[in-house]
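Residues per chain, in single letters:
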Amino acid sequence: AMAKQCNAPGDKGRWPVKATAVVRDLLSNAVANGESKGLDADKLYISHAQCNRAPPGRRRTYRAHGRIGKYASQPAHIEIIVTEKKDDVEKASDDEGRGKKITKKMAAKKRFVKIGA
């Protein structure tokens, strides 16, 4: 059904099943870690996600005519940081707390002291 929405030709709707399973397991692990640290699982959100290349696992495969070919995996380091969403704070009304906005130029003029005039 999704491949038809993307206008993929024929039966060419393929999805990264293994990779999404790894990320899903990582997210469920992050939720479990948050709960063990006393965070509310419903308020957790992904504040940072990063994926870096890891050193390849090198193996060898035997080829024809006595040659040896490289057979390396391409692993990755996936980092996900989840944070608990804070409660919203109501915005103060315009007449409370804040004065008139002042530009940098006006602040500099106020600091400048005229002598003899």
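Since the structure is predicted, the reported quantities are computational estimates derived from the model, not experimental observations.

**Q** Outline the overall build of the protein chain, listing residues and values.
**A** In terms of helices and strands, the protein chain carries three helices and four strands. Reading the protein chain from its N terminus to its C terminus gives the helix and strand order α-α-β-β-β-β-α. Whereas a compact globule of 117 residues would reach a radius of gyration of roughly 13 Å, the protein chain reaches 29 Å, over 25% beyond that. Seen through its principal axes, the protein chain has C-alpha atoms that stretch 100 × 40 × 40 Å. If you average the places of the 26 positive and of the 13 negative side-chain charges in the protein chain, the two averages end up 19 Å apart.

**Q** Provide a residue-level description of the pattern of salt bridges, including the pertinent values.
**A** Under the definition given, this model contains two salt bridges. Residue Asp25 is joined to Arg24 by a salt bridge in which the shortest nitrogen-to-oxygen separation is 3.9 Å. Judged by relative accessible area, which is 45%, Asp25 ranks as partly exposed. A salt bridge links Asp87 to Lys43; the shortest N-O distance between them is 3.0 Å.

**Q** Could you give an account of the environment of Gly69, naming the residues involved and the relevant values?
**A** Mapped onto the secondary structure, Gly69 falls in strand β3 (residues 68–72). Put simply, Gly69 and Pro55 are 14 residues apart on the chain and 18 Å apart in space, counted from C-alpha to C-alpha.

**Q** Tell me about the environment of Ser47, residues and numbers included.
**A** Relative to the assigned elements, Ser47 resides in strand β1 (residues 44–53). As for Ser47 and Phe112, which are separated by 65 residues in sequence, their C-alpha atoms are 44 Å apart.

**Q** An account of a nonpolar patch on the surface is needed here, citing residue identities and associated values.
**A** Where nonpolar side chains cluster on the molecular surface, the patch consists of Val22, Val23, Leu27, Ile46 and Ile78 and spans about 370 Å² of accessible area. Broken down by element, the residue count for the nonpolar patch peaks at three residues, all from helix α2 (residues 17–36). You can see Val23 is positioned in helix α2. Accessibility expressed as a relative area gives 34% for Val23, which makes it partly exposed.

**Q** Any chance you could break down the pairing of strand β2 (residues 58–62) for me, citing the residues and the numbers?
**A** Judged by how many residues are buried, β2 sits mostly at the surface: zero of five residues are covered. The hairpin turn running from β2 into β3, its antiparallel successor, is five residues long, and His65 in that turn takes a positive phi close to 65 degrees.

How each quantity is defined
Residues numbered from 1 in each chain as written. Predicted model: local features only at pLDDT ≥ 70, side-chain atom pairs only at ≥ 80, totals over all residues. Heavy atoms only, no water. Helix = DSSP H or I, 4+ residues; strand = E, 2+ residues; numbered from the N terminus. Rg over C-alpha atoms; globule rule 2.2 N^0.38 Å. Lys, Arg positive; Asp, Glu negative; His and termini not counted. Charge placed at Lys NZ, Arg CZ, Asp CG, Glu CD. Salt bridge = Lys/Arg side-chain N within 4 Å of Asp/Glu carboxyl O. Buried < 20%, exposed > 50% of the residue type's maximum accessible area, 1.4 Å probe, protein only. Patch = residues over 30% accessible without salt bridge, like charges linked within 9 Å, V, L, I, M, F, W, Y side chains within 5 Å. Areas by Shrake-Rupley, 256 points an atom, 1.4 Å probe, with all protein chains shown as cover. Pairing = 2+ DSSP bridges.

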